[in-house]
Amino acid sequence: MPTIMPKFHRIAALCVTVAATAWIATGEFSSVGSAQEVAGQESPTSAAAPGAKAPLVRTVSAVTPTFVNHARAIRLSGITQADKRVDLAARADGVIATLAMEKGGTVEAGAIVMELEGPEAVAQEKIANIALAQKERDLEVAQRLFDAGSTTESALTNARSARDAAAAELARAQAAADRLRLKVPFTGIVDSLSVELGEWVQTGTPVATILSLDPILVKAEVSEVDLSAINVGSTAKVQLVNGTEMDGTVRLVAREASAQTRTFPVEIALPNPQLTLPSGMTAQVLLFAAPVRAVVVPRSIITLSDKGEIGVRVVNAENVAQFAAVQIIDDTPDGLVVTGVPEGVRIITAGQDLVRDGDTVEVAPGVGQ
């Protein structure tokens with residue numbers, strides 16, 4: 001018995017070895033766990049084509065844009081100022097002999113409003129007038145004698161030179177006398193009066209301030225962005241702090257910016273024939289830029305492109321979504337006023353953030369995404 005068991009084990013081991021070798025040689029071990037898959041399913045490649053889903057087509061809401069000619073409103077704050085302002089000053093030393101103006105009164109252009117005592121200057125002017133008249137008579141006599149051949153050309157020349165010298169002396173005397181008189185350069189209101197009749201003044205002493213208030217100016221400042229939209233001669237609407245509303249005309253648009261604010265001064269002229277509008281009153285100015293072709297859109301539809309550009313999503317005639325870059329030129333109660341919307345498209349008003357350039361969409365007016 002003990003000798004039979006070892007032989008049996010050796011025979012069994014040999015049989016297992018032979019069977020394993022035969023199984024490996026057939027290659028069947030390679031399909032374990034995958035045979036069922038091969039037999040029971042198609043390959044992924046063959047299954048994709050008939051089972052693929054159709055591309056997703058989103059439904060958006062879109063409207064046809066209405067183009068308008070929009071004149072952008074430019075609002076400025078300003079203050080009224082006199083059209084002209086001058087500080088009169090004494091032109092010579094002396095005592096005030098006449099004073100033909102009063103504070104708050106009106107003076108006419110060219111009027112003599114103050115005169116100083118100066119008898120010497122006045123007398124010298126009269127003497128110069130008499131001397132000139134005499135030299136002109138002498139010149140007439142010399143001319144007749146020369147024409148008759150009774151005098152020389154040298155004598156005629158001397159007479160003419162004497163007449164010219166007398167004229168120059170009269171001009172000098174008149175200038176000295178004129179410095180005693182103070183004239184108004186333009187029609188206006190006496191805003192302040194600093195002297196009294198009989199007062200002694202010296203050359204350069206302040207006498208009065210004259211304001212010209214018709215027209216009256218509203219001075220404001222416009223930003224760099226709005227400068228190109230304002231032109232001389234344009235109409236402006238002005239509302240004063242007292243509630244008065246008037247139409248004015250842009251008279252000046254400065255071409256040099258303020259160094260502190262980088263803004264440009266603007267002047268608007270307002271008619272003021274009754275002189276009822278004073279200088280120094282606060283005003284609100286409304287100007288209008290030149291009309292441009294634009295579209296008014298809701299604020300909610302403004303979006304950004306992948307490059308960070310501001311714009312809207314639009315749909316062309318083939319229902320293909322596109323991005324249109326726009327420029328916002330105004331903000332109104334009805335929405336944003338933009339330029340840059342192409343012709344022949346519809347603007348997406350709902351679902352614009354879920355589509356990209358080139359996407360085919362289904363447009364349903366009044367329906368969301």
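Given the structure is predicted, the values throughout are model-derived calculations rather than measurements.

A. View of the pairing of strand S8 (residues 188–193). As paired strands, strand S5 (residues 106–107) and S8 are joined by 2 bridges and run antiparallel to one another. Each bridged residue has a counterpart across the sheet, and for valine 107 the counterpart in S8 is glycine 188. Inspection of the sheet shows S8 paired to strand S10 (residues 206–222) by 4 bridges, in the antiparallel sense. By the bridge assignment for S10, leucine 193 is matched with alanine 208.

B. Main features of the packing of helix H4 (residues 119–148) against helix H5 (residues 153–178). Two elements in contact, H4 and H5, have axes separated by 8 Å at closest approach and are oriented at 165 degrees. Here H4 is positioned roughly antiparallel relative to H5, judged by the angle of their axes. Relative to H5, H4 is oriented so that their crossing is left-handed. Tallied by class, the residues present in the contact of H4 with H5 amount to 16 nonpolar, 4 polar and 9 charged.

C. Quick peek at unusual backbone geometry. At the junction of aspartate 214 and proline 215, the peptide bond is cis and its omega measures out at 0 degrees in the coordinates. One non-glycine residue, arginine 262, adopts positive backbone phi at about 60 degrees. Within the fold, arginine 262 resides in the loop between strand S12 (245–253) and strand S13 (264–270). If you check the backbone angles, leucine 275 has positive phi at about 60 degrees while not being a glycine. Its location among the elements puts leucine 275 in the loop between S13 and strand S14 (282–288).

D. Geometry of H5. Here H5 spans 37 Å end to end across 26 residues, near enough to the 38 Å set by a 1.5 Å rise per residue. The complete set of buried residues in H5 reads Leu156, Ala159, Ala166, Leu170, Ala173 and Ala177. If you follow the buried residues of H5, they end up packed against H4 and strand S7 (181–183).

E. Layout of the sheet that holds strand S19 (residues 327–332). Pairing is antiparallel across the open sheet formed by 4 strands, whose spatial order is S2-S15-S20-S19. Pairing within the sheet leaves two strands with one partner each, and these edge strands are strand S2 (67–70) and S19. Each strand axis lies, on average, 40 degrees off the axis of its neighbour in the sheet, ignoring direction. As defined by bridge partners, strand S15 (residues 292–297) adjoins strand S20 (residues 335–339) across 3 bridges and the pair is classed as antiparallel. Paired with valine 295 across the bridge in S20 is valine 338.

Reading the values: the criteria
Residues numbered from 1 in each chain as written. Predicted model: local features only at pLDDT ≥ 70, side-chain atom pairs only at ≥ 80, totals over all residues. Heavy atoms only, no water. Pairing = 2+ DSSP bridges. Helix = DSSP H or I, 4+ residues; strand = E, 2+ residues; numbered from the N terminus. Axes fitted to C-alpha atoms, helices over the stretch in contact; angles between N-to-C directions. Parallel < 35°, antiparallel > 145°, perpendicular 65-115°, else oblique. Left-handed = near helix turned anticlockwise from the far one by under 90°. Nonpolar A, V, L, I, M, F, W, Y, C, P; charged D, E, K, R; others polar. Expected span 1.5 Å × (residues − 1). Buried < 20%, exposed > 50% of the residue type's maximum accessible area, 1.4 Å probe, protein only. Contact = heavy atoms within 4.5 Å.

Nothing here speaks to function; it is all geometry.
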